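Geometric and topological summary
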Amino acid sequence: MAAFGGVSAVVQFVGQLFPEALDPAPVLGGSVLLCVAWAVARSRQPSAVAQDFRRPNMTVSVGCGDLFEERAHLVVGFSDTFDTDVHDGIVISGSSVQGQLLHRRYHGDTVRLDSALGAALRDVTPLARETREDKPHGKLDRYPVGTVAVLGTRPRLVFAVAYSRIGNDFVARSSTEELWLSLNRVWDAVHRYGQLDRVALPLLGSGLSRLHGLDEESLLRLILLSFITRSRERVICRELRIVLRPAEAERVDMTEVAAFLRVLAADVGPTR
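So, here is what we can say about the structure in this document. The residue count restarts for each chain, going from 1 along the sequence in the order it is written. For a predicted model such as this one, the threshold for reporting local features is a pLDDT of at least 70, and the threshold for listing and counting side-chain atom pairs is 80 or more; totals across whole chains, interfaces and linings nevertheless cover every residue. With hydrogens and water set aside, each side-chain value is computed from the structure's full complement of heavy atoms.

What follows covers the environment of Ile92. Strands are runs of DSSP state E lasting at least two residues, helices are runs of H or I lasting at least four, and both sets are numbered from the N terminus onward. Tracing the backbone shows Ile92 in the loop between β3 (73-79) and α3 (97-105). Separated by 80 residues in sequence, Ile92 and Ala172 place their C-alpha atoms 9.5 Å apart. Contact partners of Ile92, with chain neighbours within four places excluded, come to Asp83, Thr84, Asp85, Val86, Gln98 and Gly99. In what follows, a contact means two residues having at least one pair of non-hydrogen atoms within 4.5 Å.

As structure tokens, this is what we get:
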């Protein structure tokens, strides 16, 4: 209807100048086809969106991809015990982002990853320690939710954040409040160690952390709002990219995400 209003205005204007040049039937048919084509183009779901911000100067993008192929610092979610054991999938699923971190960055070497985590957490005091009787597999020390272990070297650091609690039944659980707290801790760590370089992260909370109160699009909005809110306080990085898995992307309306980013950017230029 919006397109039809625009076409009608043009036709009326041209008709007043050249009344004999317009044949009603072709004009009507052409107008309808043009309006339908415009509507189809406008309603087509984009595969990715990006928005530039001016205050601060940064870019935020969302799209499908392979997190570990991104040329950026990575954010990877962990549980409060920073477990890494993917054997038999009892403690950690090998298909999870944690499992992919082990296989693709550490070539399946659990000892090496555990050593890096231990070094990164050496100044953090655990909240509690489980017994082997209560937790027969995995690690025993529990760290505060929101703890961030910075792994690797620049320009491709890994910010490992404990945003869920793993029970002794090996089920990870989190909440909206714990995710928000953890995201804030991540932004603090990125600001401190990232040197404003590009950062990529998955859709935290959409996997096995049992954060079922939010769907994929709500989780995405939460992450975006957290990042942009903290960026208004101080610059965190020049570019943030949220990398979705294909199954997650199917449940996210990119048109709505683009509109959400435009609102957050306020007076910034158009979404790409």
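Within the fold, Gln98 resides in helix α3. Residue Gln98 is classed as buried on the basis of its relative accessible area of 15%. Throughout this description, a polar contact denotes any pair of N or O atoms lying within 3.5 Å of each other; where both atoms belong to protein, one of them has to be capable of donating a hydrogen while the other can accept it, and for residues adjacent in sequence the pair is counted only when both atoms sit in side chains. At 3.3 Å, the side chain of Gln98 forms a polar contact with the backbone oxygen of Asp83. When near neighbours in sequence (up to four residues on either side) are disregarded, Gln98 contacts Val76, Gly77, Phe78, Ser79, Asp83 and Ile92. Only protein chains enter the calculation, and the probe is 1.4 Å; a residue is then buried if its accessible area is under 20% of its type maximum, exposed if over 50%, and partly exposed in between.

Once that is clear, we can look at the pairing of strand β2 (residues 58-64). Looking along a regular strand, one sees side chains alternate from face to face of the sheet. When you tally the buried positions in β2, you get 6 out of 7 residues, the bulk of the element. One bridge is not enough; two strands pair if DSSP finds at least two bridges between them. Looking at chain direction, strand β1 (residues 48-53) and β2 are connected through 6 bridges and run antiparallel. Its bridge partner lying in β2, Gln51 is registered against Val60. As defined by bridge partners, β2 adjoins strand β10 (residues 239-244) across 6 bridges and the pair is classed as parallel. Residue pairing across strands places Cys64 opposite Leu244, the latter belonging to β10.

The next subject is the pattern of salt bridges. Salt bridges are identified by distance alone: a Lys or Arg side-chain nitrogen within 4 Å of an Asp or Glu carboxyl oxygen. Applying the stated criterion to the full structure yields 18 salt bridges. Between Arg104 and Glu69 there is a salt bridge, with the nearest N and O atoms lying 3.2 Å from each other. Of the two residues, Arg104 is situated in helix α3 and Glu69 in the loop between β2 and β3; the sequence distance between them amounts to 35 residues. Judged by relative accessible area, which is 33%, Arg104 ranks as partly exposed. A relative accessible area of 55% places Glu69 in the exposed class. When the shortest N-O distance is used, the salt bridge between Arg221 and Glu217 registers 3.4 Å. With a gap of 4 residues between them, Arg221 and Glu217 both fall in helix α6 (residues 216-233), about one helical turn apart.

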